[in-house]
Amino acid sequence: MALFRTRREGAAPLDGADAVLADLDGVVYQGAHAIPHAVESLNLAKRDRAVGYITNNASRSDVSVAGHLADLGLDVVPADVVTSPQAAMHLLAERVPDGSLVLVVGGEGIVTELERRGYRVTRSADDSPAAVVQGFAPEVGWTQLAEAAFALNAAGFANEQGIPWVATNMDWTIPVARGIAPGNGTLVSAVHTAVGRFPVVAGKPETPIFDEARRRFGAEHPLFVGDRLDTDILGARRAGMTSALVLTGIDRAKQVLAAPEQSRPDFILRDLRGLHEPYPRVERSAGAVRVGRAKVRIDGARVVIAAEGDDELDLLRAACAAIWDSGRAIHSLQVPERLYA
């Protein structure tokens, strides 16, 4: 991990990256508004490399997403947007012939991609579809979920040899204006209960969406930027990509301190300006970890702040390195509230 390996003094997270792949909600925007410093930081990054936008949201097409991003001031075209329905098309193509009839649970994002690739679309199990593709849309209800179950159960309950079932993503929740609502994972779970098997999944943290992005931009050394450890960072690591967690969205200090090994980012950034700024080195000596002027050590079961330094983010970085180095679960340590409050 970059957080732990020796890096050239003064190197920024972007150094050596041939593409930046950014999650959207919590990274680029929150609700209808751009997150401070996101637009100018990403436009600056695009001067020297590709910048792509990666979304699990299956309810909108790439054209719709690109339009929203352009309205925020980003230099973007639809081809810069990689959606989970696009990744789902690769999974579908491996399982059914071109032009097959596909039952859709979801909205515009899925239908657009199916039609682009010459598949035919139905909403009824009575049409004997060759596959089911399921993604989130606000209008999805019992009727659509039942049609999926009927189609998947056509050869008998819990028939593992039934028609292919592709889910765009398994996000359990989705942030909306009024709060946190059930996401596609919750809806997929309802169908799973009825049919007794699981779908193959295209979106984060599974690798197909990352593979699609790597192909799209011809990237050999991409940097993925996200705000969630369990989808963005886990998925990037599974795909062999360098990752940066930006603390403008879902996961904050408390979550990153407790991150399991497979979900630990290479970089921890305050906001997207950090992409371009020199990233401090992690130094270890005499049982302590120093980042900048901050210093943290583990004393038995206690996490000790030896020096607070002059940057809260460096203190968090030092604490993460010390805790992660210890190999101990966070619940077995006494962590000062100062580190995560």
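This text gives an overview of the structure that appears in the document. (Residues numbered from 1 in each chain as written. Predicted model: local features only at pLDDT ≥ 70, side-chain atom pairs only at ≥ 80, totals over all residues. Heavy atoms only, no water.)

## A short note on the overall build of the protein
Of the regular secondary structure elements, the protein holds 10 helices and 19 strands. For the protein, whose C-alpha radius of gyration is 22 Å, the value lies close to the compact-globule estimate of 20 Å for 341 residues. Along the first, second and third principal axes, the C-alpha atoms of the protein reach 70 × 45 × 35 Å. Expressed as a percentage of the 341 residues in the protein, the buried residues total 52%. Relative to all contacts within the protein whose residues are 6 or more apart in sequence, the contacts with residues 24 or more apart total 67%. Total accessible area computed for the protein in this model is approximately 14,900 Å², and 49% of it derives from carbon and sulfur atoms. (Helix = DSSP H or I, 4+ residues; strand = E, 2+ residues; numbered from the N terminus. Rg over C-alpha atoms; globule rule 2.2 N^0.38 Å. Buried < 20%, exposed > 50% of the residue type's maximum accessible area, 1.4 Å probe, protein only. Contact = heavy atoms within 4.5 Å. Areas by Shrake-Rupley, 256 points an atom, 1.4 Å probe, with all protein chains shown as cover.)

## Comments concerning the packing of aromatic side chains
One pair of aromatic rings is described through two measures. These are the centre distance and the angle between the planes. Under the definition given, this model contains two aromatic pairs. Between Phe267 and Tyr279, the aromatic rings sit 4.9 Å apart at their centres with planes inclined by 80 degrees, giving edge-to-face as the arrangement. Separated by 12 residues along the polypeptide, Phe267 in strand S15 (residues 267–269) and Tyr279 in the loop between S15 and strand S16 (282–285) bring together distant segments of the chain. A relative accessible area of 2% means that Phe267 is categorised as buried. (Phe/Tyr/Trp six-rings, centres within 6.5 Å; stacked < 30°, edge-to-face > 60°.)

## With respect to the sheet that holds strand S14 (residues 242–246)
Read across the open sheet, the six strands follow the order S5-S4-S1-S13-S14-S15; overall the sheet is parallel. If you trace the sheet from one side to the other, it starts and ends with strand S5 (81–83) and S15, each paired once. Going from strand to strand, the sheet's axes swing by 25 degrees on average, the running direction of each strand aside. In this sheet, S14 lies alongside strand S13 (residues 222–226) in parallel orientation, the contact comprising four bridges. Bridged to Gly226 within S14 is Leu245. Its contacts with the sheet put helix H8 (residues 229–238) on S13 and S14, and the angle it makes with S14 is roughly 160 degrees. (Pairing = 2+ DSSP bridges. Axes fitted to C-alpha atoms, helices over the stretch in contact; angles between N-to-C directions.)

## Re the environment of Glu139
Relative to the helices and strands, Glu139 resides in the loop between strand S8 (131–134) and helix H5 (142–152). As for Glu139 and Gly26, which are separated by 113 residues in sequence, their C-alpha atoms are 24 Å apart. In this structure Glu139 touches Gly106, Gly107 and Gln144, once residues within four positions along its chain are discounted.

## As for the packing of H5 against helix H6 (residues 184–195)
Direction vectors running N to C along H5 and H6 enclose 40 degrees, while the axes themselves pass 9 Å from each other. As summarised for this structure, H5 and H6 are arranged oblique, according to the angle between their axes. Considering only the axes of H5 and H6, their crossing is right-handed. Residues Leu145, Ala148, Ala149 and Leu152 of H5 touch H6, and the partners they reach there are Leu187, Ala190, Val191, Ala194 and Val195. (Parallel < 35°, antiparallel > 145°, perpendicular 65-115°, else oblique. Left-handed = near helix turned anticlockwise from the far one by under 90°.)

## Concerning the sheet that holds strand S7 (residues 120–122)
With parallel pairing, the five strands of this open sheet are ordered in space as S7-S6-S8-S9-S12. Where the open sheet ends on each side, the last strands, each with one partner, are S7 and strand S12 (200–201). Sheet topology places strand S6 (residues 101–105) next to S7; three bridges connect them, and they run parallel. Across the sheet, residue Val102 finds its bridge partner in S7, namely Val121. Helix-sheet contacts for helix H3 (residues 84–93) involve S6, S8, strand S9 (165–167) and S12, and the interaxial angle to S9 is about 160 degrees.

## Considering the nonpolar core
By size, the foremost hydrophobic cluster in this structure holds 58 residues, and its most contacted members are Val28, Leu42, Tyr53, Leu69, Val225 and Leu316. Among the elements that line this core, the one with the most residues is helix H10 (residues 312–326), at 10 residues. When residues no more than four places from it in sequence are discounted, the contact partners of Val28 are Ala22, Asp23, Ala34, Ile35, Ala38, Leu42, Tyr53, Leu69 and Leu74. Counting 28 residues, the second largest nonpolar core, distinct from the first, contains Leu21, Ala87, Val166 and Met241. (Core = buried A, V, L, I, M, F, W, Y, C linked by side-chain atoms within 4.5 Å.)

Note that all results are geometric; they support no functional claim without further evidence.
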